[in-house]
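Residue-level listing of the chains:
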Amino acid sequence: CKKSYIELQDPTKISTTDLYADANGLNLAVTAAYGTLQDIYGKGTSGTGMYLFTDVPSDNSNALVSGAGLGDFDLFTVAPENINLTTQWQSFYRCIARCNAIIARAPAVNMTATLRDRYIGEVKFLRALSYFNAVQIWGGVPLVTTEIANIDDALSYGRASVADVYAQIEKDFTDAESVLPVTYATTDLGRATNGAAKAMLGKVYLTEGNFTKCKAKLAELLPKGSNAWGYDLLPNYADIFSTTNEMNKEIIFAVRYTKGGYGTGSPFFNWFIPNQSGSTIATVGGGSGFNSIMQDLVDAFPATDPRKAVSIGTYTTTVNKVTTNYYYTKKYTDVPANANDSNNDWIVIRYADVELMYAEAENEINGPANAISYVNDIRRRAYGNTTNDLTPAQTATQASMRLAIENERRLELNMEGHRWFDLLRTNRAITVMNASFTKYQTKNGANVIQISAPHNLLFPIPLREIQINPKLTQNP
Amino acid sequence: QSITVKGKVTDAQGLVLPGASIKVKDSSTGVLTGTDGSYSINVPNANSVLIFSFIGYTTEEHAVGTNTQLNVSLKTSEHSLNEVVVVGYGSMKKKLLSTSVGAVNSKQIEDRLVATPGEALSGQIAGVQVSQSMGDPGAAPVILIRGVGSIGAGSSPLYVVDGYPLNSADDFNQISPADIESIQVLKDAAAAAIYGSRGGNGIIIVTTKRGKAGATKFNFTGNTGIANVSKRVDVLNTPEYVAYVKDAFANSGKVLPPLYNSDPSTLPNTDWQDQIFRTGVTQSYSLAASGGTDKVTFNVTGSIYSQTGIIKATEFNRYNLRASMDAKLSKKLKFNFNIAPSFATNDQTATGGGLNNALINGIGVNPSGVGGTVISALLQPPLLPVRQPNGDYSNATTILSPAGQVFSGNPYNPVATLDLYKDRTTTGRLLSNTGLEYEIISGLKFKTTLGFEAILNNRNWYVPATLQSDNGPTANINNPLLTNIRARTTQGINYNYVSENTLNYNTKFGKYHDLTLLAGYSFQKNTYNETSQYGQNGTITNPIVQNPNDAGIILGTYGYTSNALISSFFRANYDYKEKYLLTASIRTDGSSRFGTNKQYATFPAFSAAWRIGEEAFMKKQDVISEFKVRAGYGVSGNNNIGDFAAQSYATQVNYVFGAGNATPAFGFSPTSLANTDLTWETSKTTNIGLEIGLLKDRIYFTVDAYHKLTDNLLLSRGVPGIYGFATSIFTNIGSMQNNGLEFSINTVNLKGKLRWTTDANISFNRNKVLKLTDDGNFVGYDAAFGYTNSIRVVPGESISSFYGYKQIGVYKDAADVAASAKWASGGSVPGDVKYADINGDGKIDASDIVNIGSPLPKFTYGMTNRFEYKRFSLSFLLQGVYGNKILNASDRYTDYYNGSFNVRTNALNRWESPTDPGDGMTPRAAVTNPSSTTVVSTRNIFDGSYLRLRNVNLGYTFTGRTLQRLSINSARLFVSGENLVTFTKYFGYNPEVNVFAASPQPRYGVDQGTYPLPRTFSIGLNIGF
């Protein structure tokens, strides 16, 4: 027998061994790790993305579709079977696995140490970002930091403690911060910088309630305009979201999307506009109504706030004298090349968020006095004047200041994937949501929805994962 | 001193038998009768004995003696044990078999108006389950031999046509049934092990018709029929639907859209099933010529098969030619050549599959989300017209949704899809096989064959600017969207070659010992190249231009696979007095598909039989004519995991970086990790058989019992999400057994003027998964989108069980809700589905999911009765399965009650109020439904048992002078019907359904809007001249 006769390989594909063999291969692998960000934040037709965990459950938005289990995220009826849980879980760990493989294999690649360190720093940033999102969705999750060699290895992981997951997130962001550059060549715009690592680290500390560390870390990014990265607030709120102004100086880290049938387009425009709108808003691909603005958010804006018109669009239909208004976010507006194929980036963290987080930490440590100016920064940019600064009543006490910051974050960062995590962080989710449900008489069946801790504060671990690996325990 | 003997061979009625064989006993001399039934043969001396044989007739021996004229009339054999059956790499007398082999001959296949030979096998052989799960024109059935043989590597048998082991089952399906002389099914491993790694699921051996010496004979068969859908699914009409939507809106406290307040009798009342189904026409014609000299014989058949489907826009046409030649080049050298070109066109459309996810889909890089029309026809609100006054197709979302949020999602107008969506495949095939046989010394033959097959196919898809789909939900005749246009063309080229080389030695020693030895070496390789071009965003809306070139964006992909197999094998057959029979074989295969550590494997087999009926003490009575016991053991394998599965490759995952809107950057990521230990799935089968013939075999009874143990199961196993590179990977894991019993009986009930025969069989197979993973966990599959892990393979249970909640009713009223366990994700209200709280923890959650049924039948059966009276013949074939369950995934929509799409008439029995609780099992209608209605439960499970009148054939044979004057030897007119009646409790179109028929995974019995089976009535004519 000729042995070579049966030694066949696929000549059309790159073997995994070849992929990690040199600097170019490693570069491709790092790009693929960034590619998972689109899976995590939203891609194609699955309908799953971070918005479903950060906006839909909150009082800002709802999913006006009951198919594919999206509506369950509104009504707090997400069953462990819900396909979106599985998809999101797999997206996070796809990212983590790609990062782990690069971290494990990069040291053996013959290349310049600076570039190698940068690649490792970039994927540590991505890994930390995945874990940070996952831990806020599910609590403690399996903490995988090395390459999984086989199934038995994969089955050996149970859930790590929340503290252990945060320890790893801090370590990864810290490692990334130490090796990542301040800026990249323009062709590399969109890669994680050390500024992004600092901003995320600040957010992690804030979420953990470590206000001192948060304040210290975010202080490194101050003051606006004259920091090392050139981060600043844009004069005009609407410009932040314009597809002709991507990666502007307010953007610290964003998931990048480009339309044109490359499979790298942004789905948010088609996803988030009303499915009743046909081709009147999106001339290509129509609307899906996955993430529609609720009356509660519309009502939260003072009529004078210019951000309302920038953020909220209204689609009105009148059929047989019955008029219905649908509200949708205008932050992701771009003519799609194909359905779910637009240019809008998903902003993960921007400078206004940093200022508001800094204010929040400062208020927790020292009270309102030194926090006020950072919130007013945001308001002055929005209104273009100082007459709409925080009122004395809002800044009177630490407690009132907390609510002022919460409200400012809700308005400034609306529909950008922050609200639910903000409510969780500040332990306000139960109070705020139940009040909203009562006010708008939001029902599941005959009863107004009321949520409770701890059941409604974490999402179920996907049933598929528990069934495959019984070591994983379900959330209460 | 040689003597010339002449004569005529006729049947019992005196009709001549052309092509009958006359052989001199214990020599290789033999001739065939000519068209007039006459022969002439030289025999060595007066002591010579001539053997007269003809398929379907009892073989007779006559001593020559002083006769130079010997006319013989052969009797129709009841069940001829001298019949020769083809086994791998050779043939042998049926009576000398020591293994379990089932057979059908051309008589059992002819006159059937079917596209594929597999359909004609249904119900004919014990242990062979033929499931026609889809009724698309030209669609092939799924054939399972002795149950599910594998978890993840597919259970398709190996097909061997005239000695050529085919690369794919589809090549078998494209053989014209008219070309087939006989089909043998090697069921147990003792028989199948000669094909080693490909024998694990049994082997189907096809022998095509060959020429016989004599004047050229022609045969023409024409058959034409009409077909209709055999059944409808009952859905609500407009008044019922309006009442139901009103109820749903009232239950959810929402304002009813005004349309629903109009008088229902003023609204359209469209029967959408009427709109997609039509009467199909099937036509089949074949013309054959065969004949030759004693040196060279030939057979040529040309056939045409044409079928328009019972769903609009579906059509299948096939043109086959098959030519064979056998030549004696010299005394010792024989040559044979077969060539079978064919050409087929297949127009398909989006029929089966989900709401906006049809099975036939995936036209572009962005799937266009065309809806499955079968399910869309059930879901379309009956109050919509097919078309709007302006010519547009009605569109539920644009017409009804703005009026009041009736719809979420969109069941796209199925008539629009059938009218506008284009999907045509043209396939050209060429199968050829050339053989040379050389007799080195007497009894020792060397044979070499070279087979070559080329399959060229070209598939074109087209979605015009006017078709509503996910990509352009509002596209319509008056609203063409250029960006909606999708065109794709795919060309595939498959080459396959095989070289088989054998040495065969046959010797008789002593007086009664007969030994045949076989040794062989073979190698086979398959390569497949595929290129696709995609055009998106057309430049003009003209529906005629269906070419990707006329697109704004043009993309292309290229695919390649290959596999190779090298093998050596050996077999010995021995018999003593045709009484004690022994067979042993061994094969070693090397395959490119497995890990570098495990590429070779060896497959041994042994079998023995004792024909007790041949013992002297049994010869004293004449009741028992045959009494054979046999036993066999064999090892066979399964390598159907696709190519390169053991290796690890990276695929492209792109991202974007850079200024402005950023620029695409290429990235690559592995999709799985390499598995160098990936190896064969091996089955060890023990088979015990008993055959009893009574009254000269007028009653022939066969029983087989087997135990098949499969280990190293090739399994695409779901892996934890944290693995990251894939959600499932191929591994060898676990073991499984199939135990079975098969009974078949063939009887001649009446022999006189009215002749009546019955062939009946029944098979029982019990499957049990013994072990899967080390942690005893299960492997899950999804029955449909959102039905996660609803199909499970659990150790200790039969493979592929349905898992879900167990419905015990609906919550009757508030008191019932208060007193009962409630749905954990969101609670329960009166009218909601009430499930059993299996673990008694007071809430219904995932821990209450249980086994709710198996799609595997408890037994399958078939029965053919044939009647012959004078010139009339009548046959009917009954076939059925019992005890299997169906999971209806369409009910995720059609039995869901979210107050938007149409639903099944079950809804008429729904819960409406505590005082009007309906049938106690059907939940309330509501606009926002709880997740409890969308999970898999016993609500989705149905009994799939059925009994089907598969085929009825009534024929009349013309004879007489008029025919002779026209030079016609025979003429037969027949009327025939396929799938005439099905007795079943299942409400769906077809209880044989499986939307995953093409999947290698063990997903059986799932219904999600597949193409229904047609019921066909036909009339045909067969003329021999």
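Residues numbered from 1 in each chain as written. Chains lettered and ligands numbered in written order. Predicted model: local features only at pLDDT ≥ 70, side-chain atom pairs only at ≥ 80, totals over all residues. Heavy atoms only, no water.

Chemist: Just to check I follow, could you spell out the sheet that holds strand β16 (residues 203–208) of chain B for this structure?
Modeler: One key point about sheets: their strands pair by backbone hydrogen bonds, in either a parallel or an antiparallel sense. All names here are of chain B. Pairing is mixed across the open sheet formed by 5 strands, whose spatial order is β10-β15-β16-β13-β14. Strands with a single pairing partner mark the edges of an open sheet, and in this sheet they are β10 (101–105) and β14 (164–165). Here β10 pairs with strand β15 (residues 180–186) via 5 bridges, running antiparallel. In the strand pairing of β15, G102 is matched with V185. (Pairing = 2+ DSSP bridges. Helix = DSSP H or I, 4+ residues; strand = E, 2+ residues; numbered from the N terminus.)

Chemist: In this structure, what is going on with the packing of helix α15 (residues 372–383) of chain A against helix α16 (residues 398–412) of chain A? I would like to understand it.
Modeler: Each pair of packed helices can be described by the angle between their axes along with the distance between the axes. Residues and elements named next belong to chain A. Running from N to C, α15 and α16 cross one another at 30 degrees; their axes reach a closest spacing of 11 Å. Of the possible angle classes, the one that applies to α15 and α16 is roughly parallel. For α15 against α16, the interelement crossing comes out left-handed. Together, I372, V375, I378, R379 and R381 of α15 and M401, I405, E408 and E412 of α16 make up the contact between the two elements. Considering only residue class, the contact of α15 with α16 consists of 5 nonpolar, no polar and 4 charged. (Axes fitted to C-alpha atoms, helices over the stretch in contact; angles between N-to-C directions. Parallel < 35°, antiparallel > 145°, perpendicular 65-115°, else oblique. Left-handed = near helix turned anticlockwise from the far one by under 90°. Contact = heavy atoms within 4.5 Å. Nonpolar A, V, L, I, M, F, W, Y, C, P; charged D, E, K, R; others polar.)

Chemist: How should I be thinking about the packing of aromatic side chains in this particular structure?
Modeler: Here the distance between the centres and the angle between the planes together describe a pair of aromatic rings. Taken as a whole and judged by the stated rule, the model has 66 aromatic pairs over all chains. Between A:Y34 and B:F657, the aromatic rings sit 5.0 Å apart at their centres with planes inclined by 85 degrees, giving edge-to-face as the arrangement. A residue pair is termed interchain when its members come from two chains, as with A:Y34 in helix α2 (residues 23–41) and B:F657 in strand β33 (residues 655–657). A relative accessible area of 3% means that B:F657 is categorised as buried. Consider the rings of B:F764 and B:F859, whose centres lie 5.3 Å apart with planes at 50 degrees: the pair is tilted. Of this pair, B:F764 sits in strand β41 (residues 754–771) while B:F859 sits in strand β50 (residues 859–869), placing them 95 residues apart in sequence. Feature note: the residues A:Y41, A:Y51, A:Y257, A:F268, A:W271, A:F272, A:F290, A:Y332 and A:W346 constitute an aromatic cluster, connected by ring pairs. (Phe/Tyr/Trp six-rings, centres within 6.5 Å; stacked < 30°, edge-to-face > 60°. Buried < 20%, exposed > 50% of the residue type's maximum accessible area, 1.4 Å probe, protein only.)

Chemist: Sorry, what's going on with the interface of chain B and chain A here?
Modeler: Bring the parts together and some accessible area is lost; that lost area is often taken as the interface size. Facing the 99 residues of chain B at the interface are 99 residues of chain A. Surface buried jointly by chain B and chain A totals about 8000 Å² across both partners, of which 59% is contributed by carbon and sulfur atoms. When residues of chain B are sorted by the area they lose upon contact with chain A, B:Y655, B:F657 and B:I722 head the list and together hold 11% of the total. One can count 0 salt bridges joining chain B with chain A. Across the chain B-chain A interface, the total number found is 24 residue pairs in polar contact (both at pLDDT 80 or more). When grouped by side-chain class, the residues that make up the side of chain B that touches chain A number 48 nonpolar, 42 polar and 9 charged. Pairing geometry for strand β1 (residues 14–15) of chain A and strand β32 (residues 649–652) of chain B, over 2 bridges, is antiparallel. Following the sheet pairing, A:S15 is matched in β32(B) by B:Y649. (Buried area = accessible area lost by both parts, 1.4 Å probe. Salt bridge = Lys/Arg side-chain N within 4 Å of Asp/Glu carboxyl O. Polar contact = N/O pair within 3.5 Å; in protein donor to acceptor, adjacent residues only side chain to side chain.)

Chemist: Even after reading the chapter, I still don't get the pairing of strand β17 (residues 214–229) of chain B, so can you show me in this structure?
Modeler: Every regular strand shows the same layout, with side chains that alternate between the two sheet faces. All names here are of chain B. For β17 and strand β18 (residues 280–292), the ladder comprises 12 bridges, and the chain directions are antiparallel. By the bridge assignment, A227 is partnered in β18 with G280. Here β17 runs beside strand β57 (residues 1014–1024); their pairing, made up of 11 bridges, is antiparallel. Looking at β57, one finds that N228 is bridged to R1015.

Chemist: Would you mind showing me how to read the sheet that holds strand β3 (residues 30–32) of chain B here?
Modeler: Residue and element names in this part refer to chain B. Taken together, 4 strands build an open sheet; the order of strands is β3-β2-β5-β6 and the sheet is antiparallel. The sheet is open, and its two borders are formed by β3 and β6 (60–63), each paired with just one other strand. Averaged over neighbouring strand pairs, the angle between their axes works out to 20 degrees when direction is ignored.

Chemist: Quick question: what am I supposed to make of unusual backbone geometry here?
Modeler: Working note: non-glycine residues mostly have negative phi, and peptide bonds are mostly trans. All names here are of chain A. Going from L222 to P223, the amide bond is cis rather than trans, its omega being -10 degrees. Of note, P223 is situated in the loop between α10 (211–219) and β3 (251–255). Of note, the amide linkage connecting A453 to P454 takes the cis form, showing an omega dihedral of -5 degrees. One non-glycine residue, N427, lies in the positive phi region at around 55 degrees. For N427, the position within the fold is in the loop between α17 (419–425) and α18 (429–440).

Chemist: What is the right way to look at α15(A) in this model?
Modeler: Within an α-helix, residues lying three or four positions from one another point in the same direction, as the helix has 3.6 residues per turn. All names here are of chain A. Between its terminal C-alpha atoms α15 stretches 16 Å, which fits the 16 Å expected from 12 residues at 1.5 Å a residue. Most of α15 sits out of view: 9 of its 12 residues are buried. Downstream of α15 by one or two residues, G384 has phi in the positive range, about 75 degrees. (Expected span 1.5 Å × (residues − 1).)

Chemist: Can you walk me through helix α5 (residues 238–251) of chain B in this structure?
Modeler: Residues and elements named next belong to chain B. The terminal C-alpha atoms of α5, which comprises 14 residues, lie 20 Å apart, in line with the 20 Å expected from a rise of 1.5 Å per residue. Three or more residues of α5 are buried, namely T238, Y241, V242, Y244, V245, D247, A248 and F249. Trailing α5 by a residue or two, G253 shows a phi angle of about 65 degrees, which is positive.

Chemist: Which parts of the structure should I look at to understand the domain arrangement of chain B?
Modeler: Assigned domains within chain B: domain 1 (3–74) and domain 2 (84–208). For domain 1 of chain B versus domain 2 of chain B, the separation of C-alpha centres amounts to 33 Å. (Domains from an automatic or database assignment.)

Chemist: Is there a simple way to think about the state of the cysteines in this case?
Modeler: What makes a disulfide is a covalent bond joining the sulfur atoms belonging to two cysteines. Residues and elements named next belong to chain A. The tally for this structure, following the rule as stated, stands at 0 disulfides over all chains. Take C95: it sits in no disulfide, and the sulfur closest to it among the cysteines is that of C99, at 4.1 Å. A relative accessible area of 0% means that C95 is categorised as buried. (Disulfide = S-S within 2.5 Å.)

Chemist: Is there a simple way to think about the side chain of B:T449 in this case?
Modeler: Residues and elements named next belong to chain B. Relative to the elements of secondary structure, T449 occurs in strand β25 (residues 444–463). Its relative accessible area of 17% is what places T449 among the buried residues. Once residues lying within four places of it in the same chain are set aside, the contact partners of T449 are N433, T434, G435, V498, S499 and E500.

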